[in-house]
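# Secondary and tertiary structure notes
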Amino acid sequence: MRILLIASQYPPAQGGGGTHSYYLASELARLGCKVLVLTATVPGLAAREEVNPNLAVLRRDFGSKADLVSTGSLKAALDAFNAFRPTLVHGQHLQGANLAMRLSAVYGVPAFVTLHKTPRLGGIDDTIFSDPTYSEIRFILASSHIKAVVAGSRAFYSELLKIDERVSAKLNLIYHGVSPGWLRYMVNIASLAKPNPYERLGLPSGDLIICPARIDRRKNLTAFVSASGQLQSRFANRSFTFLITGQPTDKDEMRYQEELVVHAQACGIQERLFFHSFDFFEVPYILHRAAACVLPSYKEGLGLVLLEAMALSVPVIATNTIGINEIVMRNEEGALLFDIGEDSELAERLCQIFSDSALCNKIKSLGRRLVTERFNARRMAKEHLSLYSKA
C-alpha cells in the first residue's frame, strides 16, 4: 500500500496534530507501507528527507496557516501525487483535508481525513453556524470525495456526530497512540550527547516538575505555579525546578507569561520557575528527567504528551476534563486527577508524588501499562490499515 499523508504540521514543528502524524507515518512504514509525508517547509531542513526505505518526507511551502489551500500547496500536492502515485491519500486536519479532497476529485483515489480539535466544553449550539472552523468541518464531513473521517478521541467523535449526524457512517473513532520503544530510544540517544538537552539549558539541579504546555490561558498555568509554590513550601528542604515547555509567540502570551512570573514571586518560586521550548526530538529526554508531569488544562483533545510521559514511567497529574479523562477514567488508574478550579487539590496531588512512594510507583506502572495496551502507535496504525482496506 502506498500512502500520501498530507500534514501541514510535522516534526520538528511542535503540536499535537504533527506529533500524531509522525507516529502514524512511522508505524505505517514499519508495517510495510510506502509512506510519503507532504508537509510545510522548515528553515534549515532539506526539501526532501529519506527517513528509511519505506518513509520519506517532502517539505513544501504551504502558504499562510489562514489559507486552507494556497496555489503553492496545491501545486506541491499535485506534483507529489504524480511522482509517488499513491494508493490513497490521508489528509490531516483542515489544510490536509482540503488538499486530499482535491486529489481525490482529480485522480479518483480514496481520500481519508483525520480532524484535530479540542471539543467545546459547553457542547454544540447554534454559534457553530457562524464559526469558520466548524463551517469548514461541516463542509469536509459532507464532501463525497472523503471516504472516511477519523477522530482521535470519543469526545471529539461525539461532537462531530452532533454537528452532522447524517454522516455517522463516515465517522470513525481511532484513538491516537505513541511509540514507547521510540521514546526510550530517543532518551538513550540524547543521554549520549555532551551536553545533554537538560544540561545545555543550564537549569539548576533538583527534582524536575514539568508542565508541557504552551503559554496559553486555556492551559491554566496559573494553577501550576500555585501548586508548585505549595509543593516547595511543604518540602522546604528539597530543591525543585519548575519548567513550563513553552515560549510566548504573541503579545497576549507575553502578558500571560509576565503574570505568571509575578505570581511565581508571590508564591516564592521565582528563582525556580523556567520557560523553555524544545526541539521535538529532545522532548522525550526532558520528560524522562521529570519527577512529575503536570497538565492542568481546562480541556484537551486527548493529551498525547501525557501518553508520552506515561510511556516513560513519569508520574502524571492532570485535570479531570474532556480528553484527559478518556485516557485515565478514574483517579490513580494511571495518573492522579483533580477537578477544574480545585487548585488546592492539584497541589495535594503533586505533594502525594513525594510523600507516598507506593502510590507514585503504582501510577507509574499503571500509566506505562495503559499506553502499552490501549494507546500505542502500532495499534493505531493497524486500525488505520483496516479502515483503508475498506475503501
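Our structure's up above, just so we're on the same page.
Figured I'd write up the structure that's included with this text. (Residues numbered from 1 in each chain as written. Predicted model: local features only at pLDDT ≥ 70, side-chain atom pairs only at ≥ 80, totals over all residues. Heavy atoms only, no water.)

Inspection of the secondary structure puts Q352 in helix α13 (residues 343-355). Once you skip the residues sitting within four places of it in the chain, Q352 turns out to touch L336 and L359. (Helix = DSSP H or I, 4+ residues; strand = E, 2+ residues; numbered from the N terminus. Contact = heavy atoms within 4.5 Å.)

Attention now goes to unusual backbone geometry. For the peptide bond that leads from P11 to P12, omega is 15 degrees, which places it in the cis range. Secondary-structure assignment places P12 in the loop between β1 (2-6) and α1 (16-30). Residue P195 is bonded to the preceding K194 through a cis peptide linkage, with omega at 0 degrees. One can find P195 in the loop between α6 (180-191) and α7 (197-201). A positive phi angle is found at R85, which is not glycine, with a value near 50 degrees. Relative to the helices and strands, R85 resides in the loop between α2 (71-84) and β5 (88-92). One non-glycine residue, N220, lies in the positive phi region at around 60 degrees. Topologically, N220 is positioned in the loop between β9 (207-211) and α8 (221-234).

Moving on, we get to the packing of α2 against helix α3 (residues 93-107). Direction vectors running N to C along α2 and α3 enclose 50 degrees, while the axes themselves pass 10 Å from each other. If you check the angle between α2 and α3, you find them oblique. Handedness of the α2/α3 crossing: right-handed. Here S73, L74, A77, L78, F81 and N82 of α2 come into contact with α3, specifically with L99, R102, L103 and Y107. For the contact of α2 with α3, the class distribution of residues is seven nonpolar, two polar and one charged. (Axes fitted to C-alpha atoms, helices over the stretch in contact; angles between N-to-C directions. Parallel < 35°, antiparallel > 145°, perpendicular 65-115°, else oblique. Left-handed = near helix turned anticlockwise from the far one by under 90°. Nonpolar A, V, L, I, M, F, W, Y, C, P; charged D, E, K, R; others polar.)

Within the secondary structure layout, Q257 lies in helix α9 (residues 251-267). Those residues in contact with Q257 that sit more than four places away from it in its chain are I215, Q247, P248 and F275.

This brings us to the packing of α8 against α9. Packing of α8 against α9 leaves a shortest axis separation of 9 Å and a crossing angle of 20 degrees. Classified by the angle between their axes, α8 and α9 sit roughly parallel to one another. Considering the relative orientation of α8 and α9, their crossing is right-handed. Here α8 contributes L221, T222, V225, S226 and G229 to the contact with α9, which in turn contributes Y256, L260, H263, A264 and C267.

One open sheet accounts for six strands, arranged β11-β10-β9-β12-β13-β14; its pairing is parallel. The open sheet is flanked by β11 (273-275) and β14 (336-338), the only strands paired with a single partner. Across the sheet, the axes of successive neighbouring strands diverge by a mean angle of 20 degrees, strand direction being ignored. Pairing geometry for strand β12 (residues 290-295) and strand β13 (residues 316-319), over three bridges, is parallel. Its bridge partner being in β13, C293 is matched across the sheet by V316. (Pairing = 2+ DSSP bridges.)

These values are about where atoms sit, not about what they do.
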